[in-house]
Amino acid sequence: MTGEAVGSWRAGDLEAIRSALGIPVSAASIGAIGRAMAELERDYPAGVAVAASSLERIAEIDQQLANFPVAAEPVVIKTSRKGASGPVPAELPKRKLDVIEYATELLMEEVATEYALPESTGPSLAAQRRQQVEALLLVLPGLRVWQPQVPPRFQGRLERS
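Described in the following lines is the structure provided in the data block. (Residues numbered from 1 in each chain as written. Predicted model: local features only at pLDDT ≥ 70, side-chain atom pairs only at ≥ 80, totals over all residues. Heavy atoms only, no water.)

On to the nonpolar core. Judged by nonpolar contacts, the single largest core of 21 residues is most densely connected at Ile 17, Leu 21, Leu 136, Leu 140 and Leu 143. Of all elements in the fold, only helix H1 (13-21), helix H2 (27-43), helix H3 (46-67) and helix H5 (122-139) reach the threshold of two or more residues within this core. Per element, the largest residue contribution to this core is 5 residues, and it comes from H2. What Ile 17 contacts, discounting residues up to four positions off in sequence, is Trp 9, Ile 33, Met 37, Leu 55, Leu 140 and Leu 143. (Core = buried A, V, L, I, M, F, W, Y, C linked by side-chain atoms within 4.5 Å. Buried < 20%, exposed > 50% of the residue type's maximum accessible area, 1.4 Å probe, protein only. Helix = DSSP H or I, 4+ residues; strand = E, 2+ residues; numbered from the N terminus. Contact = heavy atoms within 4.5 Å.)

Moving on, we come to the side chain of Asp 13. You can see Asp 13 is positioned in helix H1. A relative accessible area of 4% places Asp 13 in the buried class. Contact partners of Asp 13, with chain neighbours within four places excluded, come to Met 37 and Leu 55.

Before going further, it helps to spend a moment on the packing of H1 against H2. For the pair H1 and H2, interaxial distance at closest approach is 10 Å and the crossing angle is 115°. As the angle between them shows, H1 and H2 are arranged roughly perpendicular. Regarding H1 and H2, the two cross each other, and that crossing is right-handed. Two secondary-structure elements touch here, H1 through Asp 13, Leu 14, Ile 17 and Arg 18 and H2 through Ile 30, Ile 33, Gly 34 and Met 37. Of the residues that constitute the contact of H1 with H2, the class distribution is 5 nonpolar, 1 polar and 2 charged. (Axes fitted to C-alpha atoms, helices over the stretch in contact; angles between N-to-C directions. Parallel < 35°, antiparallel > 145°, perpendicular 65-115°, else oblique. Left-handed = near helix turned anticlockwise from the far one by under 90°. Nonpolar A, V, L, I, M, F, W, Y, C, P; charged D, E, K, R; others polar.)

Geometric values such as these leave the question of function open.
What follows is the structure, given as structure tokens:
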């Protein structure tokens, strides 16, 4: 099965399903998608409309995510300064005893700045996309095995010493 329309499926739906589910391109995976599409149309024709609407929503979300800035610049909330209020003298003490008498803490300046990241809709869009992918997999469950497996974030064995 290539990208041609399958009954009430649209011409680009096969590729849209493949890219929405992140299925790698291969003859076997394209064939599996085509078979799943044909089975859905044969066994549950109303499911084709459900799948098509999920594909449209996924495409809209992908478009929004593509236009979304990758990393927003942090915004300065508050800056506070503590320490030297005047200019540092040109001639600083050179001997250890002079340094102790000079009170070097007066020369130190501490600057504290608090930042905040601006509100982001990226995570909520990603969650909406995952929900639409799950909705698509409900009507095309046989394609779940074709999705690439995401390794667990942490692997290992807990050992006590």
